[in-house]
Amino acid sequence: MLNSNPINCLIQPDNIPLIKQWEEKYKVKVTDRSQPLLKAKRKGEVAFLIPEFCYVAGLEEESKKFGKGLNDLGTIGAAPHEKDKSIVGMFEKLAKGQALEQYGLMMLGQTRIPLQLLPKPQLRSGPGKVMSPEMLAKGVRIMNPINFKRWVMIYEGRNYNNAEQIFKTMVKASGALGVSVEEPEWVELEYINAKSLENSLNGYKESYQFVLVLLSDRYRQYRIVKRFLDIAKGVISQCVCADYKKVTNMTCVSNIIRQINAKLGGDLYTIELPPEIPKNTMFVGIDVCHIGRNSVVGFYSNAYTNLAQCYCETTVQGRGQEIVSLLTQFYANAIKTYYVQQKKYPEYIFVYRDGVGRSQRDQVLAKELPQLKEALQNMKKGYTPEITLVIVNKRVHQRFLLEMSTGVGNPEPGTVIDTLVTENGCENFYMISAEAKKGTIRPTHYYIAANERKEVNKLTIQKTSYAMAFMYYNTPWSLKVPAQIALADRKAYYVANIDGPSNKRLVATESFL
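The text that follows walks through the structure, step by step, so that each part is easy to find. It should be emphasised that the depicted structure is a prediction, and the values quoted were computed from it without experimental measurement.

Each helix and strand in the protein was counted, giving 12 helices and 22 strands. Its C-alpha atoms give the protein a radius of gyration of 25 Å, within 12% of the compact-globule value 24 Å for 513 residues. Seen through its principal axes, the protein has C-alpha atoms that stretch 75 × 60 × 55 Å. Per-residue burial for the protein yields a buried fraction of 46% across its 513 residues. The long-range fraction of contacts in the protein, counting pairs at least 24 apart against all pairs at least 6 apart in sequence, stands at 70%.

Right, dumping it as structure tokens:
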């Protein structure tokens, strides 16, 4: 709707300008009052949308199960050459029309942008044991293995063979990982539900390390198990589908062992960071999950590159609310936990904040950063660690295509764009840290909102953020964002789905993996 904008579009029946409705109802600030609107139709009803608050929607996990039915949606994941063709076609149509002239615009054609390619970080699985990121997919020996000495396996009678098989496979797979798996305490139930779990674990000993539960009905029983063990009991748990192919698959079971090891506090591997980042650094990731009745804030912190040495917590706030007002206590608890684990306070705190749009950055600086300062004031006298705050946004509209001899393709992981198309007057950049399996890769935008450490420049932040994209233990591949953000998001999503608060006994563990 090139002739409509937030000012002249009136909402009936009161003839209220669209901009006033959005700013009052949704508490957002419209930065471009003359931007053309988008027109959306649904069931005969028409709605006008402001483009700066619109994003390309993805698919729910449940929808992805219907593989054959997704063929008609192929354009959502268009390959780079298809994306390039469609963009060029759109430009040609606009250039032929009169719409651009009305706004004093003109087409300049495609722009070639210089990029830099960061080297892949070095990973370590132990002292002196350097490995490339590609080694993660092959399965490497765990850096800090924790032996499974005291644990419980719960299963239904009909899954007796699966229970026996997964134990045998765990014993077989554990040798290559450096973990010793001893026989569990077997608990057989007729059916796994809240009542049977409570009855069977009444005499549960807190000295047990974890409980492994074989599920017959993943979607029905997972929430029941997690609500009882994680929330009510504060017990580390691992749910596994009672599928014979999975419980006898060495790769699958090896990943289960690795996940349990991380939940118990044993780091699987570590990574080399730039020398400008001191080893006495606490990293923080913050994200807000907007699903269900409320919005759930996820907070995650860890010591340097030791992801299992962590503190993670959640809180619930009003639905749709992005700015967090309860961070002071989280920061204080995170620093105290760091001190307990490392025997010293962090000298440097590096914060990644995800999910914040351009219009809300000032609110993060005005409302969230002071909460960290307040937490520091309540620590020991004279304690003033340096702080870096980076706002990360993975929901961007920009796409970058790499010119190749055969046409165009996706840029490689480690690609950084920090000129020409970045924002003026501030330190920011785009980064591609993951590989696109399908379609055209979407970059992630990094905005350096605050940086008190003079040794840390933009290049250091780029290298650090790229390295941290490899530190998510649930996958051997790099992510689109640093692991701290992914873990904060997973914690928030986990709590929102099981619909219950975090158990205080598990805040220093990655029990939600």
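Picking up where we left off.
Of note, Trp186 is situated in strand E9 (residues 185–189). Residue Trp186 is classed as partly exposed on the basis of its relative accessible area of 31%. Each C-alpha atom of the pair Trp186 and Arg150 lies 11 Å from the other, and the pair is 36 residues apart in sequence. When near neighbours in sequence (up to four residues on either side) are disregarded, Trp186 contacts Met153, Tyr155, Ala163, Glu164 and Phe167. Here the side chain of Trp186 touches Glu183 through a polar contact of 2.9 Å, side chain to side chain.

A few words now on the pairing of strand E15 (residues 306–317). Burial within E15 is extensive, with 9 of its 12 residues counted as buried. Where strand E14 (residues 294–303) and E15 come together, 9 bridges link them in antiparallel fashion. Paired with Gly298 across the two strands is Thr314, which belongs to E15. Here E14 folds back onto E15, and the loop between the two strands holds 2 residues, one of which, Tyr304, carries a positive phi near 50°.

Further remarks concern the state of the cysteines. Scanning the model with the defined rule gives 0 disulfides in all. Take Cys252: it sits in no disulfide, and the sulfur closest to it among the cysteines is that of Cys241, at 8.7 Å.

Turning our attention to the pairing of strand E17 (residues 386–393). In terms of burial, E17 is a largely internal element, 7 of the 8 residues being buried. Sheet topology places strand E16 (residues 348–354) next to E17; 7 bridges connect them, and they run parallel. Bridge assignment links Ile349 to a residue of E17, and that residue is Ile387. A crossover links E16 with its parallel partner E17, the connecting element being helix H10 (residues 361–377), and its sense is right-handed. Of the pairings in the sheet, the one linking E17 to strand E22 (residues 444–451) comprises 6 bridges and is antiparallel in character. Bridge pairing in E22 places Leu389 opposite Ala450.

Two elements in contact, helix H6 (residues 218–233) and helix H12 (residues 483–498), have axes separated by 10 Å at closest approach and are oriented at 110°. Relative to H12, the element H6 is oriented roughly perpendicular. Residue-level inspection shows Tyr222, Arg223, Lys226, Arg227, Asp230 and Ile231 of H6 in contact with H12, the latter providing Tyr494, Asn497 and Ile498. Its residues assigned to classes, the contact of H6 with H12 shows 4 nonpolar, 1 polar and 4 charged.

If you walk across this open sheet you meet the 9 strands as E5-E20-E21-E22-E17-E16-E13-E14-E15, and the pairing is mixed. Each end of this open sheet is capped by a strand with a single partner; those strands are strand E5 (116–117) and E15. The strands that H12 touches are strand E13 (281–291), E14, E15, E16 and E17; relative to E13, the one it contacts most, it runs at about 40°.

Another point: the packing of helix H9 (residues 327–342) against H10. Contact pair H9 / H10: the axes reach a minimum separation of 8 Å and the direction vectors enclose 45°. Between H9 and H10, the interaxial angle falls into the category oblique. The crossing of H9 and H10 is right-handed. Contacts between H9 and H10 involve Leu327, Thr328, Tyr331, Ala332 and Ile335 on the former and, on the latter, Glu368, Gln371, Leu372, Glu374, Ala375 and Leu376. Within the contact of H9 with H10, the residues separate by chemical class into 7 nonpolar, 2 polar and 2 charged.

Here we take up the side chain of Ser295. Mapped onto the elements, Ser295 comes out in strand E14. Here the side chain of Ser295 touches Gly318 through a polar contact of 3.4 Å, landing on its backbone oxygen. Sequence-distant contacts of Ser295, defined by excluding residues within four places in its chain, comprise Val288, Cys289, His290, Thr315, Val316, Gln317, Gly318, Arg319, Gly320 and Gln321.

So, about a nonpolar patch on the surface. On the surface, Met90, Phe91, Leu94 and Met107 cluster together to form a nonpolar patch covering roughly 300 Å² of accessible area. Along the chain, the position of Met107 falls in the loop between helix H3 (99–102) and E5. In this structure Met107 comes out as partly exposed when scored by relative accessible area, which is 30%.

With that settled, the discussion passes to the sheet that holds strand E8 (residues 151–156). Pairing within the open sheet is parallel, and its 4 strands lie in the order E9-E8-E10-E11. Edge positions in the open sheet fall to E9 and strand E11 (237–241), since each of these has one partner strand only. Neighbour-to-neighbour, the strand axes of the sheet open up by a mean angle of 20°, direction not taken into account. Taken together, the 5 bridges between strand E10 (residues 210–215) and E11 define a ladder with parallel strand orientation. Of the residues in E11, the one forming a bridge with Leu215 is Cys241. Sheet strands in contact with helix H8 (residues 250–263) are E10 and E11, and its direction is about 165° off that of E11.

Reading the values: rules and limits
- Residues numbered from 1 in each chain as written.
- Predicted model: local features only at pLDDT ≥ 70, side-chain atom pairs only at ≥ 80, totals over all residues.
- Heavy atoms only, no water.
- Helix = DSSP H or I, 4+ residues; strand = E, 2+ residues; numbered from the N terminus.
- Rg over C-alpha atoms; globule rule 2.2 N^0.38 Å.
- Buried < 20%, exposed > 50% of the residue type's maximum accessible area, 1.4 Å probe, protein only.
- Contact = heavy atoms within 4.5 Å.
- Polar contact = N/O pair within 3.5 Å; in protein donor to acceptor, adjacent residues only side chain to side chain.
- Pairing = 2+ DSSP bridges.
- Disulfide = S-S within 2.5 Å.
- Right-handed = clockwise from strand over helix to strand, strands pointing away.
- Axes fitted to C-alpha atoms, helices over the stretch in contact; angles between N-to-C directions.
- Parallel < 35°, antiparallel > 145°, perpendicular 65-115°, else oblique.
- Nonpolar A, V, L, I, M, F, W, Y, C, P; charged D, E, K, R; others polar.
- Left-handed = near helix turned anticlockwise from the far one by under 90°.
- Patch = residues over 30% accessible without salt bridge, like charges linked within 9 Å, V, L, I, M, F, W, Y side chains within 5 Å.
- Areas by Shrake-Rupley, 256 points an atom, 1.4 Å probe, with all protein chains shown as cover.
- Salt bridge = Lys/Arg side-chain N within 4 Å of Asp/Glu carboxyl O.

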